[in-house]
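Residue strings, one per chain:
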Amino acid sequence: MRIVLSDVIAAALLLAITAYSTAGGVDFGAGIWDLLAGRGSRGEQARELIDHAMAPVWEVNNVWLVLAIVVCWTGFPALFQAAFLNLYPLYTLALLGLILRGAFFAFRHVAGTESERGIANLVFGLSSVLTPFFFAASLGAIASGRLEPFGPLPVAFGLVSLAATAFSGASFLVGDARRHAPELVDYFRRRAIAAALALMGVGTIGLVVVAAERRELLTGMVTTLALPFVLATVVLTPLVAGLLWRRVFKLYRLLTVTAVGSMVIAWGVAQSPYLLPGRLTIEQAAAPTATQVVLVVVALGVALVVGPAIGLLLFLDQRSLLESPEAHS
Amino acid sequence: MRWLAADALLPSRIQMAFTLGYHILLVPLGVALPTLTLLMEGIGLARRDPVALRLARRWSVVMAVQFAVGAVTGTILSFEFGILWPKMLGRFGAAFGLGFAVEGLAFFLEAVFIGIYLYGWTRLPPRLHFLFGLVLPPSGLLGAFGVLAANSWMNTPGGVTVTPSGALDVDVWAALFTRALGYEFWHFTLAIYITCSFAVASLYALAWLRGRRDHYQRLGFGVPFTVGAALAPVQVLVGDLAARALVAHQPAKFAAMEINWTTRDHNPEVIGGLLDSSGHVNLGLSLPSLDSILVGYSPNAVAPGLSAFADNARPSILESNLTHLSFDLMVGLGSAGALLALWYFAVLLRRRRLPDSTWFYRFAALAGLGSYICVEAGWVTTEVGRQPWIVYGAMRVSDAVTDAPAAYVWTMLSVLVAVYALIAFFFVRLLLGLSARWRRDDTAEVEQGVPYGPRA
Ligand code: HDD
Ligand code: HEM
Ligand code: HEM
């Protein structure tokens, strides 16, 4: 196997998508549970925790998305053009979710009346469903090789993504509850377990759809380097559920991220060397070499500079050295 | 409903203009407010001045709120390139995208450190907090550099050659540092610093006019206004450089800015006025030979005219008029701002204190708004003056537009307008709420005497 520069960039693109799916997943997942929290006082408590958990990091995740799209149009302009010429409805809907979510997350902090808050919560929650579903659907449309925005594979990808998002969100909220609201630990623990089961169920259906729609992808998943990642997801998801079931609060968040991230990586590896299965390989779509070099440098920069910076942010956050400025300013 | 059946060019252009024009409103505070905030925090730490620290802390909250809106509208923009102009990215992404790759890195740093700075006020040691903040100004500038490198590339494309096979070859440095970048970057950087400074200062100027004139108001006005006033006169010089460079780099844009129909010497400078389709200028004030003098320091200098270009290689009459009026608006307001700055420094240097003329504060209160208008007008000049090219001389806007039906883009545009209006409403309400709360806190504080700011 020969590894060329464009493979490195494809890997960076896949990693950016993975980072967005996992980090963003935690974030959007919290939004999904916000939607499902209902009206009662328990729901309000849960919402308060969700707010608290999201506030310091919520813009950072957007950057992964922007990075992915920039790497895509600079590194693989042909893929970018094909995807956007055909899949624009999916991207429009995902974006709609993104902007409504940002707006209404802010709004519920200023909403005056009860009914305004209700609306803000609802829109915020619904938009947290819209975005992961439609972004994943676009990956499904690409995976099918046909670039049809609406078909079985896009829907399957979208649903799997929703389950994975809910799973990530709940799993991390267990951690937040342990630190800030112990009375909610069981609440989110039960939800995380339910979401893990849902992910296993929907994931199995997803694999069936892949088998029917694009058998090569399934073959790729079990015969290439994708296999370890497939196995990681298949093993770790129930493992997390088991840990939480038995109240073993160790490593469960790391394992959740690994399970969800592995799923994304498995898809990417399985369809390589194709960016667009059957139509466009990584090498065919790649930008000129000089551009690729810049992208690799930027990717290294992100790894060297931003990696530690995010580490710092999370470190300070976990040490509770960061707190909401609105409380005092 | 012919416009519904046409291709998506018109709504796509409107949507791009609308979303960019909106995003740019958030940028001056996004890039420059961290600098002012750090300056204030530095003053507070050095002089142990709790009032300065309180100002810095409040500004940082505003910074964070608008960073969030900037992040959302900016993400929309990146997707819009794909949704509206997929063929430009497909053809030139490898060169055009370079700037954005740099920007991606910069925004990353910005997002992380804004989080740390904002949420670290109370619990981090003051010096460490300040040091973390120092990451923000350079990463903001790096981001601006990236975006402007991309925009400059569209205006003066360079660094790409088409190989015999039809593929693209990219010279990375030449594509990043194109000819327009020199003036665009400095002119824009000055613009956002001026705008941010004047905008912040104008709030305290308003407070001055309402009679609040204590240490808090003076500090809040004096520090930013001094920064803005120092830069405003420089901006006129840099703008002049930019205009002169356009004569060579983008002559059709220059002709549109001056609504100049024929290429000739002794060309008059027209202020205001509208071009009609026969090449006549109606209304407006015409100053003989001034345009030639500005172009080449001599009445004999030749200024380019629109009629030298084919119809499909220059802005239309409507676009030219728009470019021209925007340009005049920017220059007019920019010159006014420079005069206000001179007034300020005259008082400051001669009397060693802030001005106390009510008229001065009336103008100062308007300077913030004026700067925002300048920024919008400047961008309209740049972007509309580039028409019909999306990549000057290399690709037309109509060749880059999506194949999506016009009705689709009109719908998307309407939804966006509605949601953006909502965001603006929330945003303003949030800021008003903050400001009301701060005023309440100030009165309460006199009673309790509780100092604010990082742990000292
Ligand atoms: C505070 C804001 C501000 C002020 C006071 C001025 N400008 Fe400006 N101008 C901008 C803000 C701006 C801008 C919005 O930032 C632009 C848009 C693109 C760019 O690079 O800067 C711009 C663009 C721009 C361009 C077009 C550049 C291009 O197409 O590449 C020219 C020729 C000028 N300006 C000239 C001037 C002159 C002669 C001024 C004298 C008073 C002036 N500007 C004041
Ligand atoms: C077509 C042009 C533009 C695109 C595609 C674009 C894209 C973006 C994106 C994706 C973000 C969000 C980054 C994040 O998640 O943190 C953003 C925010 C931002 N953009 Fe833009 N941008 C454009 C124009 C500009 C211009 C001209 C500037 C000026 C230098 C600028 C300055 C900023 C800043 C400072 C932010 C951070 C948010 C803030 O502080 O307000 N952008 N932009
Ligand atoms: C942020 C400040 C900016 C503003 C206010 C602005 C404004 C505008 C306006 C008014 C148009 C419509 C022109 C027309 O169709 O007649 C436009 C078009 C466009 N702008 Fe900008 N622009 C900005 C920055 C940028 C930057 C930084 C880029 C790229 C890096 C960019 C890329 C484009 C593109 C691709 C179009 C559509 C094609 C075209 O009409 O030429 N703009 N912009």
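The shown structure was predicted, so the numbers you read here are calculated from the model rather than taken from an experiment. (Residues numbered from 1 in each chain as written. Chains lettered and ligands numbered in written order. Predicted model: local features only at pLDDT ≥ 70, side-chain atom pairs only at ≥ 80, totals over all residues. Heavy atoms only, no water.)

1. Quick word on the overall build of chain A
The secondary structure content of chain A amounts to twelve helices and two strands. Relative to the compact-globule value of 20 Å for 329 residues, chain A shows a C-alpha radius of gyration of 20 Å, a close match. Going through the 329 residues of chain A one by one, you find that 60% of them count as buried. Counting contacts in chain A only where the partners sit at least 6 residues apart, residues at least 24 apart contribute 78% of the total. Accessible area of chain A: about 13,200 Å², with a carbon and sulfur share of 68%. (Helix = DSSP H or I, 4+ residues; strand = E, 2+ residues; numbered from the N terminus. Rg over C-alpha atoms; globule rule 2.2 N^0.38 Å. Buried < 20%, exposed > 50% of the residue type's maximum accessible area, 1.4 Å probe, protein only. Contact = heavy atoms within 4.5 Å. Areas by Shrake-Rupley, 256 points an atom, 1.4 Å probe, with all protein chains shown as cover.)

2. Focus on the overall build of chain B
Looking only at helices and strands, one finds 15 helices and eight strands in chain B. Over its C-alpha atoms chain B spans a radius of gyration of 24 Å, differing by no more than 12% from the 23 Å that the globule rule assigns to 456 residues. In chain B, buried positions account for 59% of the 456 residues. Here the analysis covers contacts within chain B between residues at least 6 apart in sequence; of these, 77% occur between residues at least 24 apart. Here chain B has roughly 18,600 Å² of accessible surface; of this, 69% comes from carbon and sulfur atoms. Chain B carries 32 positive and 28 negative side-chain charges, and their two centres are separated by 12 Å. (Lys, Arg positive; Asp, Glu negative; His and termini not counted. Charge placed at Lys NZ, Arg CZ, Asp CG, Glu CD.)

3. Comments concerning the site of ligand 3
Residue and element names in this part refer to chain B. Close contacts around ligand 3 come from 23 residues, with Arg13, Leu20, Glu383, Arg386 and Gln387 the closest. Within the residue set of the shell around ligand 3, elements represented by two or more residues are helix H2 (9-47), helix H4 (86-119), helix H6 (136-155), helix H13 (358-385) and strand E7 (389-391). It is H2 that provides the largest number of residues to the shell around ligand 3, a total of six residues. Residue composition of the shell around ligand 3, grouped by class: 17 nonpolar, three polar and three charged. (Near = heavy atom within 4 Å. Nonpolar A, V, L, I, M, F, W, Y, C, P; charged D, E, K, R; others polar.)

4. Considering the pattern of salt bridges
A side chain with one charge may pair with a side chain of the opposite charge, provided their charged atoms come close. Counted according to the given criterion, the structure contains 15 salt bridges over all chains. Taking the shortest distance from any N to any O, the salt bridge between Asp176(A) and Arg179(A) comes out at 3.4 Å. Of this pair, Asp176(A) and Arg179(A) both sit in helix H6 (residues 152-180), separated by three residues, roughly a single helical turn. By relative accessible area, Asp176(A) is classed as buried at 13%. What makes Arg179(A) partly exposed here is its relative accessible area of 33%. Across the pair Arg314(B) and Asp311(B) runs a salt bridge, and its minimum N-O distance is 2.8 Å. For Arg314(B), a relative accessible area of 8% puts it in the buried group. (Salt bridge = Lys/Arg side-chain N within 4 Å of Asp/Glu carboxyl O.)

5. A look at a nonpolar patch on the surface
Residue and element names in this part refer to chain B. A cluster of nonpolar side chains, Leu329, Leu333, Trp343, Trp359, Phe363, Leu366, Leu369 and Ile373, forms an exposed patch at the surface whose accessible area comes to about 760 Å². Put simply, the parts of the chain that give the nonpolar patch at least two residues each are helix H12 (317-351) and H13. A total of five residues in the nonpolar patch trace back to one element, the largest contributor, which is H13. Position of Leu369 relative to the elements: it lies in helix H13. (Patch = residues over 30% accessible without salt bridge, like charges linked within 9 Å, V, L, I, M, F, W, Y side chains within 5 Å.)

6. Details of the site of ligand 2
Lining the immediate environment of ligand 2, one finds 25 residues, of which His23(B), Val27(B), Gly30(B), Gly74(B) and Phe188(B) sit closest. Residues lining ligand 2 come from chains A and B. Within the contact set of ligand 2, a nitrogen atom lies 2.9 Å away from a side-chain nitrogen or oxygen of His23(B). Looking at the shell around ligand 2, the elements that each hand over two or more residues are helix H3 (60-75) of chain A together with H2, helix H3 (50-84), H4 and H6 of chain B. When residues of the shell around ligand 2 are assigned to their parent elements, the largest contribution, nine residues, is made by H3(B). (Polar contact = N/O pair within 3.5 Å; in protein donor to acceptor, adjacent residues only side chain to side chain.)

7. Details of the coordination of the iron atom of ligand 2
Only one protein atom coordinates the iron atom of ligand 2: His23(B) (NE2), located 2.1 Å from the metal. Positionally, His23(B) belongs in helix H2. (Donors = N, O, S within 2.8 Å, 3.2 Å for Na, K, Ca; no water.)

8. Focus: the nonpolar core
Judged by nonpolar contacts, the single largest core of 242 residues is most densely connected at Phe188(A), Trp85(B), Phe96(B), Phe221(B) and Phe225(B). In terms of residues, this core owes the most to one element, H4(B), which gives 21 residues. (Core = buried A, V, L, I, M, F, W, Y, C linked by side-chain atoms within 4.5 Å.)

9. Examining the coordination of the iron atom of ligand 3
In this structure the iron atom of ligand 3 is ligated by exactly one protein donor, Glu383(B) (OE), at 2.1 Å. Residue position: Glu383(B) is located in helix H13.

10. Side note on the confidence of the model for chain B
Detailed conclusions should not be drawn from predicted coordinates in areas where pLDDT is low. Residues and elements named next belong to chain B. Mean pLDDT for chain B: 85, with 95% of residues reaching 70 or above. Low pLDDT (under 50) marks residues 446-456, which in the prediction has 21 contacts with non-local residues, meaning those over four places away or in another chain. Our summary of model confidence lists the complex with pTM equal to 0.89 and ipTM equal to 0.86. (pLDDT = per-residue confidence, 0-100.)

11. Details of the interface of chain B and chain A
With 66 residues of chain B in contact, the opposing surface of chain A contributes 63 residues. When chain B packs against chain A, the two sides together hide about 5,700 Å² of surface, and 78% of this comes from carbon and sulfur. It is Phe79(B), Phe108(B) and Tyr119(B) in chain B that bury the most area against chain A; as a group they hold 15% of the surface buried on that side. In this structure, the connection of chain B to chain A is made through zero salt bridges. (Buried area = accessible area lost by both parts, 1.4 Å probe.)

12. Focus on the packing of aromatic side chains
All names here are of chain B. Under the counting rule described, the total for this entry stands at 48 aromatic pairs over all chains. A ring pair is formed by Phe18 and Tyr420, whose centres lie 5.5 Å apart and whose planes are at 40°; its orientation type is tilted. Within this pair, whereas Phe18 is found in helix H2, its partner Tyr420 is found in helix H15 (residues 406-448), the two being separated by 402 residues in sequence. What makes Phe18 partly exposed here is its relative accessible area of 26%. Classification of Tyr420 by relative accessible area gives buried; the value is 0%. (Phe/Tyr/Trp six-rings, centres within 6.5 Å; stacked < 30°, edge-to-face > 60°.)

13. Remarks on the packing of H6(B) against H13(B)
All names here are of chain B. Between H6 and H13, the least distance of the axes is 10 Å, while the angle of their chain directions is 40°. Put simply, H6 runs oblique to H13. Between H6, through Leu148, Asn151 and Asn155, and H13, the contact on the second element is made entirely by Trp379, Thr382 and Glu383. Residues of the contact of H6 with H13, tallied by class, amount to two nonpolar, three polar and one charged. (Axes fitted to C-alpha atoms, helices over the stretch in contact; angles between N-to-C directions. Parallel < 35°, antiparallel > 145°, perpendicular 65-115°, else oblique.)

14. Regarding the packing of helix H8 (residues 215-223) of chain A against helix H10 (residues 252-271) of chain A
Residue and element names in this part refer to chain A. With their axes 8 Å apart at the nearest point, H8 and H10 run at an angle of 110° to one another. With respect to H10, the axis of H8 lies roughly perpendicular. The segment H8 lies against H10, with Leu217, Gly220 and Met221 engaging Trp267, Ala270 and Gln271. Classifying every residue of the contact of H8 with H10 gives four nonpolar, two polar and no charged.

15. A look at the side chain of Thr74(A)
Secondary-structure assignment places Thr74(A) in helix H3. Residue Thr74(A) is classed as buried on the basis of its relative accessible area of 0%. If sequence neighbours within four positions are ignored, Thr74(A) has contacts with Ala287(A), Thr291(A), Leu295(A), Gly93(B), Ala94(B), Gly97(B) and Leu98(B).

16. A few points about the environment of Ile317(B)
Residues and elements named next belong to chain B. Relative to the helices and strands, Ile317 resides in helix H12. Separated by 39 residues in the primary sequence, Ile317 and Ser278 place their C-alpha atoms 9.5 Å from one another. If we ignore the near neighbours within four places in the chain, the residues touching Ile317 are Trp261, Leu275, Asp276 and Ser277.

17. Considering unusual backbone geometry
Of the consecutive residues Ser272(A) and Pro273(A), the connecting peptide bond is found in the cis state with omega at 5°. Its place among the elements puts Pro273(A) in the loop between H10 and strand E1 (274-276). The linkage connecting Gln387(B) with the following residue, Pro388(B), adopts the cis geometry, with an omega of 0°. By the secondary structure assignment, Pro388(B) is in the loop between H13 and E7. Even without a glycine there, the phi angle at Leu251(A) is positive, about 60°. With respect to the element layout, Leu251(A) can be found in the loop between helix H9 (226-245) and H10.

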